[in-house]
Amino acid sequence: MVQDVSKTDKECLETKFWLNLLKDTNYISLQAFNSIYTDADEISKILFSILKSSRLTK
């Protein structure tokens, strides 16, 4: 389980990288970037919390 969450967290970080690239090259609007990036950031925070709590319980 922890490995799956860790991999998913890394994928989320990669998604945020690509979103920044799309914004910087004007491929997506700032409004679209802000909306999607906020969602990705929230998911990343949730995943980090899961990882943190699962490591503390071991």
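Note: the structure precedes this text.
What you are looking at is a predicted structure, and each value in this text was computed from that prediction instead of being measured.

### Some points on the overall build of the protein
Helix and strand content of the protein: two helices and zero strands. At 14 Å, the protein has a C-alpha radius of gyration far larger than the 10 Å of a compact globule built from 58 residues. Dimensions of the protein, computed from C-alpha atoms along their principal axes, come out at roughly 45 × 15 × 10 Å. Scored against the burial criterion, the 58 residues of the protein give a buried share of 22%. Taking as baseline every contact in the protein between residues at least 6 positions apart, the subset at least 24 positions apart corresponds to 66%. If you sum the accessible surface of the protein, you get close to 4700 Å²; carbon and sulfur atoms cover 58% of it. Within the protein, the 8 negative side-chain charges are centred at a point lying 8 Å from the centre of the 8 positive side-chain charges.

### Notes on the packing of aromatic side chains
As enumerated under the stated definition, the model contains two aromatic pairs in all. On the numbers, 5.2 Å between centres and 80° between planes, the contact of Phe 17 with Trp 18 is edge-to-face. Look at Trp 18 and you get partly exposed, because its relative accessible area is 45%. Positioned above the aromatic ring of Phe 33, the side-chain terminus of Lys 23 is 4.9 Å from the ring centre.

Reading guide: rules and limits
Residues numbered from 1 in each chain as written. Predicted model: local features only at pLDDT ≥ 70, side-chain atom pairs only at ≥ 80, totals over all residues. Heavy atoms only, no water. Helix = DSSP H or I, 4+ residues; strand = E, 2+ residues; numbered from the N terminus. Rg over C-alpha atoms; globule rule 2.2 N^0.38 Å. Buried < 20%, exposed > 50% of the residue type's maximum accessible area, 1.4 Å probe, protein only. Contact = heavy atoms within 4.5 Å. Areas by Shrake-Rupley, 256 points an atom, 1.4 Å probe, with all protein chains shown as cover. Lys, Arg positive; Asp, Glu negative; His and termini not counted. Charge placed at Lys NZ, Arg CZ, Asp CG, Glu CD. Phe/Tyr/Trp six-rings, centres within 6.5 Å; stacked < 30°, edge-to-face > 60°. Lys NZ or Arg CZ within 6 Å of the ring centre and 35° of its normal.

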